[in-house]
Amino acid sequence: NWRIAMAFDFMGRDRLNYSFKAAGGIIIGDKLWVKLPREIERVQQRNNFRIETPKRSFLELTLAKKRYSLILENISLGGAYCRARRSLKSGLIRLPVEKDSGIEELRLVIPTAEKSVEIYVQHSRIARIVKDPDKRLLAYGIEFIEVGREEKARLTRIIYDLQRQFLKRRLK
């Protein structure tokens, strides 16, 4: 009687990677039944943490002489995650880009209690394009490649401000 050690990796509905290990299990037909452990490890693969942006935050860029405005979902010092404004049913706004396409000059606009903060990124790239099944929209992961020193300082301040607001709400 011996037990087989197994490792499982999966992506949750929150689009984060998780993993766990299990030993043993039962095979019934074409299914493998394994007892879940008490804890499942969430795998953090980012160098910079992401923070959700306030409503009405957006990202603007120009591609092929056409200006696009995307809803800014979250940001980090290393990039942003944004989505198209229309649903697939009503006509999708799809950027004329592919994965790894370079983007010159984009602008992040994040509203605060006092006024909106604008951050300019000189050079970035499309890190991923995701068709969001829940919201039926296209979403874009954008990696910041070149950000000026003053812009990076401003981005750092807004991220820390958003994190403080998030922690205050969580304590309530």
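Only a predicted model underlies this, so the values are computations on that prediction, with no experimental measurement involved.

Student: What exactly am I supposed to notice about the pairing of strand β10 (residues 102–111) here?
Tutor: On a regular strand, each side chain points to the face opposite its neighbour's, so the side chains alternate between the two faces of the sheet. Burial of β10 is extensive: seven of the 10 residues sit out of reach of the surface. Where strand β7 (residues 58–63) and β10 come together, four bridges link them in antiparallel fashion. Each residue of the ladder has a partner; that of F58, found in β10, is V109.

Student: Where do I start with the packing of aromatic side chains in this structure?
Tutor: Remark: the centre distance and the inter-plane angle together describe each pair of aromatic rings, the angle taken between the planes. Scanning all chains against the criterion turns up three aromatic pairs. Considering the side-chain rings of F8 and F20, the 4.9 Å spacing of their centres and the 15° angle between planes classify their relative orientation as stacked. Of this pair, F8 sits in strand β1 (residues 5–11) while F20 sits in strand β2 (residues 17–23); the two residues are 12 residues apart in sequence, bridging distant segments of the chain. Ring centres 5.6 Å apart and planes at 15° place the aromatic pair F10 and Y18 in the stacked group. A relative accessible area of 35% means that F10 is categorised as partly exposed. What links up through ring pairs into an aromatic cluster is the set F8, F10, Y18 and F20.

Student: Just checking my understanding: could you explain helix α1 (residues 149–171) for this structure?
Tutor: Note that an α-helix has 3.6 residues per turn; residues three or four places apart therefore point the same way. In this model α1 runs 33 Å from its N-terminal to its C-terminal C-alpha over 23 residues, within 8% of the 33 Å that 1.5 Å per residue would give. The complete set of buried residues in α1 reads E151, L155, I158, I159 and L162.

Student: Is there a simple way to think about the pattern of salt bridges in this case?
Tutor: When their charged atoms lie close together, side chains carrying opposite charge are able to pair. On inspection of all chains with the given rule, the structure shows nine salt bridges. Between E60 and R67 there is a salt bridge, with the nearest N and O atoms lying 3.1 Å from each other. Since its relative accessible area comes to 14%, E60 is described here as buried. Classification of R67 as exposed rests on a relative accessible area of 58%. Between D100 and R125 there is a salt bridge; the shortest N-O distance is 2.4 Å. Pair noted here: D100 is in the loop between β9 (79–83) and β10 and R125 is in strand β11 (residues 116–132), with a separation of 25 residues, a long-range link. A single salt-bridge network, built from bridges that share partners, covers E60, R67, R107 and E118.

Student: Explain the side chain of S101 to me, please; I cannot follow it from the model alone.
Tutor: In this structure, S101 sits in the loop between β9 and β10. A polar side-chain atom of S101 sits 2.7 Å from the main-chain carbonyl oxygen of E98. Leave out the neighbours within four places in its chain, and S101 touches S124, R125 and I126.

Student: Please clarify how a nonpolar patch on the surface should be interpreted in this entry.
Tutor: Residues F10, L36 and I40 make up a contiguous nonpolar surface patch of about 260 Å² in total accessible area. With respect to the secondary-structure elements, I40 resides in the loop between β4 (31–33) and β5 (41–43).

Student: How should I be thinking about the side chain of T53 in this particular structure?
Tutor: Secondary-structure assignment places T53 in the loop between β6 (51–52) and β7. A relative accessible area of 7% places T53 in the buried class. Polar side-chain contacts of T53 include one of 2.5 Å to the backbone oxygen of L72. In this structure T53 touches L72, E73, N74, I75 and L162, once residues within four positions along its chain are discounted.

Student: Where do I start with the confidence of the model for the protein chain in this structure?
Tutor: Caution applies to low-pLDDT parts of the model: their predicted coordinates are not meant to be read in detail. With 86% of its residues at a pLDDT of at least 70, the protein chain reaches an overall mean of 84. Here β5 stands out as the element of the protein chain with the lowest mean pLDDT, 72, in contrast to β10, whose mean of 95 is the highest.

Student: Explain the pairing of β7 here, please?
Tutor: In terms of residue burial, β7 counts as a mostly covered element, since five of its six residues are buried. Both β7 and strand β8 (residues 66–76) contribute to a ladder of six bridges, which runs antiparallel. Bridging across to β8, L61 finds its partner in Y68. Between β7 and β8, which pair antiparallel one after the other, the connecting turn spans two residues, and A64 there sits at a positive phi close to 50°.

The rules behind these values
Per chain, residue numbering runs from 1 following the sequence as it is written. In keeping with the model being predicted, local features are shown solely for residues with a pLDDT of at least 70 and side-chain atom pairs are shown and tallied solely at 80 or more, while totals for entire chains, interfaces and linings include all residues. Only hydrogens and water are set aside; all other atoms, that is, all heavy atoms of the structure, feed into the side-chain values. Per-residue accessibility, obtained with a 1.4 Å probe over protein chains only, is compared with the maximum for each type, and a residue is labelled buried under 20%, exposed over 50%, and partly exposed between these values. Think of it this way: any DSSP run of H or I at least four residues long counts as a helix, any run of E at least two long counts as a strand, and we number them from the N terminus. Here a strand pair is declared whenever DSSP counts at least two bridges between the two strands. Any pair of Phe, Tyr and Trp rings, taking the six-membered ring for Trp, is counted once the centres come within 6.5 Å. Such a pair is stacked with planes under 30 degrees apart, edge-to-face with planes over 60 apart, and tilted for the rest. Expected span, for any helix, means 1.5 Å times one less than how many residues it has. Counted as salt bridges are all cases of a side-chain nitrogen of Lys or Arg within 4 Å of a carboxyl oxygen of Asp or Glu. Counting of polar contacts relies on pairs of N or O atoms within 3.5 Å, with two restrictions inside protein: one atom must be capable of donating a hydrogen and the other of accepting it, and residues adjacent in sequence are counted only when both atoms are side-chain atoms. In this analysis, two residues are considered to be in contact whenever any of their non-hydrogen atoms come within 4.5 Å of each other. Patch rule: a residue counts if its relative accessible area is over 30% and it has no salt bridge; like charges are joined within 9 Å, and nonpolar side chains (Val, Leu, Ile, Met, Phe, Trp, Tyr) within 5 Å. In this description, accessible areas are obtained by the Shrake-Rupley approach with a 1.4 Å probe, and a residue is regarded as covered only by the protein chains that are shown. Scored between 0 and 100, pLDDT is the confidence that the predictor attaches to each residue.

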